[in-house]
Every structure is written in structure tokens, then in C-alpha cells.
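Structural description and commentary
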Amino acid sequence: MKQAMIIMNPSSGKENALKHVSSVKDILLAQGYEVTVKETEKERDATNFCITACEQSCDLVVSIGGDGTLHETINGFIDQDHRPRLGIVPLGTVNDFARALQIPLQPEKAIQTLTSSRVQTVDMGRLNGRLFVNVVAAGSIAESLSSVTSEDKSKLGAFAYLKEGIKELMSSHAHPLHIRYDDQTWEGESPLFLAALTNSVGGFEKLAPDAAVDDGLLHCFIIKDLHLFNTLTASLSLLFGSLKNHKDVIYFTAKHVTVSSAEAVRTNVDGEEGPPLPINLSTMPRHIEVIVPEED
């Protein structure tokens, strides 16, 4: 019999995760799966559950939660000989990875997607010894985004990140960054470096419009200067997908990137607090299979 594991975060989606589990379980049982349900209680639970699913040769892992839960879940795939297919029921604040794969953001519709026969093989990113699915940010703005509270996320949704970002922009502090990518180097002061695997970052689905989930590339942005008088033009660039053409932005694609600084600089990885610099980034092309909606 086919084996499926549901990994759910009970605090995701304004605490609505529990009510969706039975719907997911029913759909999987109807498809002939034997289903195990795992509920996270603390950090790394989702990773450890996914490791178990790989070791037990499960056919499917379903992540019910936000980008943080998904980030932890996919880290269970590191260095595994067997990697189950991945199903996603997005319940988080932004759900960038689901957006990039056109998985419905309404949980009920996303659950129905689990009946789809269509899968997409997608890239993963590697940061030092861990995986990421969507974005790595470094700099003072990235640090401020890590300080967004769970309470603010529940109340304000994506606006919680916008609120913190604007607050930081008003007192923008640049760090000296040393960035090597493929065979090139950039050095200078920057309040923000971004490396994206998909086109959706922070809910902005056109931040990296050229990014595809299976192109094997990191799409990188170095913000050179973002004083308050530039905020409006940068915001418009975000909305219209032309940030890479903004005069205060350097854009490049690469397969390997290292970022370091003479100062203490933290990172934000898939919307959660990440390790301090230095970091070593690379792509793992077409690393996992994700269930996606049937084509119209």
C-alpha cells in the first residue's frame, strides 16, 4: 500500500491547520494511501518527521502550514537516497513557494490539488548545510524582517513584513558586503542582498519575473542605496517586475554565490531568521517533485 505522511503546524493559518487535516487525510485515503499524521510542537520537528518519511520510503509528504513549516519539512530531504513527492497546503502569511507553483492559496482548493496527477520537478537552494525553497536575504532590512512576531503575522498577514521593512528603510543602515558569484566579485555597502529561487518573494510575484522553479539559477539583487526618497520608485519597480532595472539595484544570476562582511550581519531564510554571514549559496537543480494543479 502507498504510504503518505501529513506534517502539520497547528499554529499556522491563524490556528486553522487542525480543521484541514481530516480533509487531507480523507482525500489521501480515497487515493489508496495509508496515512500518518505528525503535528509539530517545536523547532526541527517537521525536519525530523520528513527524515523519517524518507527512511520509511514514504511515497508522499504533505506540508500543512506556512513557508516556515515548508522550509523545515524540505530540510528533511537533505542527502536522502529516497525523497517522497511533496504536497503543499499553504496556510502561512505569504506562501511564496505555493504562489510560484500556482498552487491555490485557499486551503480547500489546495487540498483538492492533492488529487492531481501532475507533478513538477523543482530546484532547491543550499545554504551552508541546509536547504531553502524560496529566498535568502542578508542585511539590515533582512534582520528587521526576522523580528516580525507571530502575533503580527496572524493579525496583519503580509503587511506585517511591509510594516517592518518600511520602518527599517526610514533608518536604513548599509553593511559592507563582499559577494562572489560564479567567476565575479562585488564589494560595497548595501542594506539588502536577496537571492531568489522563484518569482515570488514576500508576496511580490514579480520581484524576479524571469525566475523559473526549474532553471537551476539563483536570481540575485544587490540594493546599493535605498534612501527614503527612492522608496516609491523601488516599490513601483517591485509591483511591475522591473526591480532589476532600477538604478540603485545590481541584478545577476548565478549557480554559486558567497556573501561575507567585515561586520556582524544576519540573514533571513524563507521568511525566518537565518545564520549570520558568511554564507555559501548554491542550487540543487530539479531536486524534488511537487504535486501541482492540473493544466487547464
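Starting afresh in each chain, residues are numbered from 1 along the sequence in its written order. Only residues with pLDDT of at least 70 are given local features in this predicted model, and only at 80 or more are side-chain atom pairs given and counted; all residues enter the totals for whole chains, interfaces and linings. Processing note: side-chain calculations cover all non-hydrogen atoms of the structure and skip hydrogens and water entirely.

**As for the overall build of the chain**
Rules: For helices the rule is a DSSP run of H or I covering at least 4 residues; for strands it is a run of E covering at least 2, with both sets numbered from the N terminus onward. The cut-offs for exposure are 20% and 50% of the maximum accessible area for each residue type, with area from a 1.4 Å probe on protein chains only; residues under the lower value are buried, those over the upper are exposed, and the others partly exposed. Note on contacts: a residue pair is in contact if any heavy atoms of the two residues lie within 4.5 Å. Accessible surface area values rest on a Shrake-Rupley calculation with a 1.4 Å probe, where residue burial reflects the displayed protein chains alone.
Check the secondary structure of the chain and you find 9 helices and 16 strands. Counting every position in the chain, which comprises 296 residues, the buried fraction comes to 53%. Within the chain, contacts between residues separated by at least 24 positions form 74% of all contacts whose residues are at least 6 apart in sequence. Summed over its atoms, the accessible surface of the chain is roughly 13,400 Å², and 49% of this surface lies on carbon and sulfur atoms.

**Digging into the packing of aromatic side chains**
For the record, the criterion: Only rings of Phe, Tyr and Trp enter the pairing, Trp through its six-membered ring, and a pair is recorded when the two centres are within 6.5 Å. The plane angle decides the type: under 30 degrees is stacked, over 60 is edge-to-face, the rest tilted. In this scheme, Lys NZ or Arg CZ marks a charge over a ring once it lies within 6 Å of the ring centre and within 35 degrees of the ring normal.
Per the stated rule, a full pass over the model turns up 2 aromatic pairs. A ring pair is formed by Tyr181 and Phe252, whose centres lie 3.6 Å apart and whose planes are at 15 degrees; its orientation type is stacked. Highlighted residues: Tyr181 in strand β8 (residues 175-181) and Phe252 in strand β12 (residues 249-254), separated in sequence by 71 residues. In this structure, Tyr181 and Phe252 share a single accessibility class: buried. When the ring centre of Tyr33 is taken as origin, the NZ or CZ atom of Lys2, which lies over that ring, is 4.2 Å away.

**Notes on the pairing of strand β7 (residues 135-138)**
The line we're drawing: When DSSP finds two or more bridges between a pair of strands, those strands are recorded as paired.
The alternating pattern of β7 places Val135 and Ala137 on one face and Val136 and Ala138 on the opposite face, and all of these are buried. Pairing analysis gives 4 bridges linking β7 to strand β10 (residues 192-196), with the strands arranged antiparallel. Residue pairing for β10: Ala138 is matched across the bridge by Phe193. Pairing geometry for β7 and strand β14 (residues 267-269), over 3 bridges, is antiparallel. Each residue of the ladder has a partner; that of Val136, found in β14, is Val269.

**Here we look at the pairing of strand β11 (residues 218-223)**
Along β11, 6 of the 6 residues are buried, which leaves the element largely enclosed by surrounding structure. Burial along β11 is two-sided: Leu218, Cys220 and Ile222 facing one way and His219, Phe221 and Ile223 facing the other are all buried. In this sheet, β12 lies alongside β11 in antiparallel orientation, the contact comprising 6 bridges. Its bridge partner lying in β12, Ile222 is registered against Ile250.

**Brief notes about the layout of surface pockets**
Quick note on the threshold: With a 1 Å grid laid over protein atoms only, a set of points is called a cavity when a 1.4 Å probe fits there but cannot get out and a pocket when it is open yet has protein on both sides within 12 Å along at least five of seven lines; lining residues have an atom within 4 Å of a point. Grid points are joined across faces, edges and corners, and a volume is the space filled by probe spheres set on the points. Three classes are used, and their members are as follows: Ala, Val, Leu, Ile, Met, Phe, Trp, Tyr, Cys and Pro are nonpolar, Asp, Glu, Lys and Arg are charged, and the others, Gly among them, are polar.
Volume-wise, the second largest pocket comes out at about 220 Å³. Lining of the second largest pocket is provided by 14 residues; of these, Ala100, Leu101, Gln102, Arg118 and Gln120 occupy positions nearest its centre. Looking at side-chain class alone, the lining of the second largest pocket contains 6 nonpolar, 3 polar and 5 charged residues.

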